[in-house]
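Inside the fold
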Amino acid sequence: MNLLLDTHVALWAITDHPKLSAPARALIEEPRNTVWVSAASVWEIAIKHALGRGDMPVSAHDALGYFRASGYRMLAIEPEHAAAVSRLPAHHQDPFDRLLVAQALHEPMRLLTHDPVVALYSDTVIPI
């Protein structure tokens, strides 16, 4: 399965954070799954880390290195992904989360998220 990690889940995975549940870790570590991180997440980390947000514990450059070292594939933002955001209901106002949902639905991929509001978009979203 192609598994797209939301930004927090991706960070929790590379930092071995206790908020990453055992089922989520099992999905990420399952050898048959291909784990993806979006360029949108790297962008979100860059912006929020620069603002001193405590929930972004590493810089975007460091996170990108950790994602690659972990074997995660990087998902570029395509024009079709950006356009797909316009078709989403207004469940969530965070532009990064909306883009991740649009990417997951367009590709298609399963989106692994900690945010219950993001899970409202589709049954392809896996809430943890």
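Coordinates for the structure precede this section.
Note that the structure is a prediction, hence the values are computed from the model and not measured.

The strand order S3-S2-S1-S4-S5 describes an open sheet built from five strands, whose pairing is parallel. Every other strand in the sheet has two partners, leaving strand S3 (73-75) and strand S5 (125-127) as the edge strands with one partner each. When strand polarity is set aside, the average angle formed by the axes of neighbouring strands in this sheet is 35°. Bridge count between strand S1 (residues 2-5) and strand S4 (residues 110-113): three bridges; the pairing is parallel.

Before going further, it helps to examine the pairing of S4. Of the strand pairs in this sheet, S4 and S5 are connected by three bridges, and their pairing is parallel. Among the inter-strand pairings, Leu 112 is bridged to a residue of S5, identified as Ile 126.

This part is about helix H6 (residues 95-106). The terminal C-alpha atoms of H6 lie 16 Å apart, and with twelve residues this matches the ideal 16 Å at 1.5 Å per residue to within 8%. Counting buried residues along H6, nine of its twelve residues qualify, which places the element largely inside the surrounding structure. Every buried residue of H6 is listed here: Phe 96, Asp 97, Arg 98, Leu 99, Leu 100, Val 101, Ala 102, Gln 103 and Ala 104. The backbone nitrogen of Phe 96 has a side-chain oxygen 2.8 Å away, supplied by the residue at the start of H6, namely Asp 94.

On to unusual backbone geometry, then. With omega at -10°, the peptide bond leading from Glu 107 into Pro 108 counts as cis. Mapped onto the elements of the fold, Pro 108 is located in the loop between H6 and S4. Phi angles above zero are rare outside glycine, and Asp 16 is one such case at about 55°. Within the element layout of this structure, Asp 16 appears in the loop between helix H1 (7-15) and helix H2 (22-29). Residue class for Asp 16 comes out exposed when judged on its relative accessible area of 55%.

With that out of the way, let us pick up the environment of Glu 30. Among the secondary structure elements, Glu 30 is positioned in the loop between H2 and strand S2 (34-38). Judged by relative accessible area, which is 25%, Glu 30 ranks as partly exposed. On a C-alpha basis, the gap between Glu 30 and Ala 50 in space is 33 Å, while along the polypeptide they are 20 residues apart.

A general feature of soluble globular proteins is that nonpolar side chains tend to end up buried together. Of all hydrophobic cores here, the largest spans 23 residues; its most connected members are Leu 5, Leu 11, Ile 28, Phe 67, Tyr 72 and Leu 112. For this core, the secondary-structure elements that each account for two or more residues are S1, H1, H2, S2, helix H3 (39-50) and helix H4 (60-69). Sort the elements by how many residues they give to this core and H1 lands first, with six residues. By size, the runner-up hydrophobic cluster in this structure holds 17 residues, among which are Val 85, Val 101, Ala 104 and Leu 111.

This brings us to the packing of H3 against H6. Their axes nearest at 10 Å, the elements H3 and H6 cross at an angle of 170°. It follows from the interaxial angle that H3 and H6 lie roughly antiparallel. In this structure, H3 contributes Ala 40, Ser 41, Trp 43, Glu 44, Ile 47 and Lys 48 to the contact, and H6 contributes Phe 96, Leu 99, Leu 100 and Gln 103. Here the contact of H3 with H6 is built from residues that sort into six nonpolar, two polar and two charged.

Rules behind the numbers
- Residues numbered from 1 in each chain as written.
- Predicted model: local features only at pLDDT ≥ 70, side-chain atom pairs only at ≥ 80, totals over all residues.
- Heavy atoms only, no water.
- Pairing = 2+ DSSP bridges.
- Helix = DSSP H or I, 4+ residues; strand = E, 2+ residues; numbered from the N terminus.
- Axes fitted to C-alpha atoms, helices over the stretch in contact; angles between N-to-C directions.
- Expected span 1.5 Å × (residues − 1).
- Buried < 20%, exposed > 50% of the residue type's maximum accessible area, 1.4 Å probe, protein only.
- Polar contact = N/O pair within 3.5 Å; in protein donor to acceptor, adjacent residues only side chain to side chain.
- Core = buried A, V, L, I, M, F, W, Y, C linked by side-chain atoms within 4.5 Å.
- Parallel < 35°, antiparallel > 145°, perpendicular 65-115°, else oblique.
- Contact = heavy atoms within 4.5 Å.
- Nonpolar A, V, L, I, M, F, W, Y, C, P; charged D, E, K, R; others polar.

So yeah, pure geometry; function would need other evidence.
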